[in-house]
Amino acid sequence: MNIILFGPPGAGKGTQADNLVQAFNLFKISTGDLLRKEINKKSFLGNKIKSMINTGLLVPDDIINNFIQNIVSNKSYSNRLVFDGYPRNLNQVSNLNILLKKNNQEISCVLSLKIEQDLVIKRILGRQICSSCGLIFNIFFKPSTNINHQCDPKFLKKRSDDNEKTIKNRFVTYAKETAPILNYYKKETLLYEIDGSSDISTIYQQICQIISLLDT
């Protein structure tokens, strides 16, 4: 089972992808995580990527495609993938189709989380990530407490690109570059749309219902 998760920044794709990984023994391909890993290396490529992300621009296809190819070609993850943040344009869709066909894989379903820009801004501005354990919290919707988070609060950080100007730029970029892909997957009868403004558990229940239909 291979799943693609769509939605603008702050829609909750990462959280739902993590839920699917735990429940169905899948492997998450997060382009955001892959890019941040390269940034942390402080390599020439990493510095170039950081500059693009901080201004709300998409990283060029060739860079992203190379990261994706290395994972899709790994037989350990065959038909066990959750794509979070990829593909982001029709060129990447074509590249993914080629990679999957080459490795005898296919997409099971495409899930699109729909959400308004105002709610996205609030979600992202309140987002905190623990640099120690990697858990994600939100000061408005899911604050870190002594019960749900065992690490010292000093490890809670905000991403450098989590500011209102960058968020709006990324939202516009998503609408322009990524949204047209939904039409492609709709024609392929793979697309399922979900209300991304619902709470995390409700969204996850809807996703599980969709997945259950795939086996019938």
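Residues numbered from 1 in each chain as written. Predicted model: local features only at pLDDT ≥ 70, side-chain atom pairs only at ≥ 80, totals over all residues. Heavy atoms only, no water.

## Notes on the sheet that holds strand 7 (residues 156-157)
If you trace the 3 strands from one edge of the open sheet to the other, you get 6-5-7, paired in antiparallel fashion. Looking at strand neighbours, the two that pair on one side only are strand 6 (136-138) and strand 7, the edges of this open sheet. With 2 bridges joining them, strand 5 (residues 127-130) and strand 7 adopt antiparallel strand pairing. Bridging across to strand 7, Ile129 finds its partner in Lys157. (Pairing = 2+ DSSP bridges. Helix = DSSP H or I, 4+ residues; strand = E, 2+ residues; numbered from the N terminus.)

## So, helix 8 (residues 200-214)
Between its first and last C-alpha atoms helix 8 spans 22 Å; for 15 residues at 1.5 Å apiece the expected length is 21 Å, and the two agree. Those residues of helix 8 that fall on the buried side of the exposure criterion are Ile203, Ile207, Ile210 and Ile211. Down the axis of helix 8, the sector holding all buried residues measures 100°, keeping them to one side. Opposite the buried face of helix 8, at more than 90 degrees from it, the exposed residues are Gln205, Gln209 and Leu213. Those residues of helix 8 hidden inside the fold are in contact with strand 1 (3-6), helix 1 (13-24), strand 4 (109-114) and strand 8 (191-195). (Expected span 1.5 Å × (residues − 1). Buried < 20%, exposed > 50% of the residue type's maximum accessible area, 1.4 Å probe, protein only. Arc of directions from axis to C-beta. Contact = heavy atoms within 4.5 Å.)

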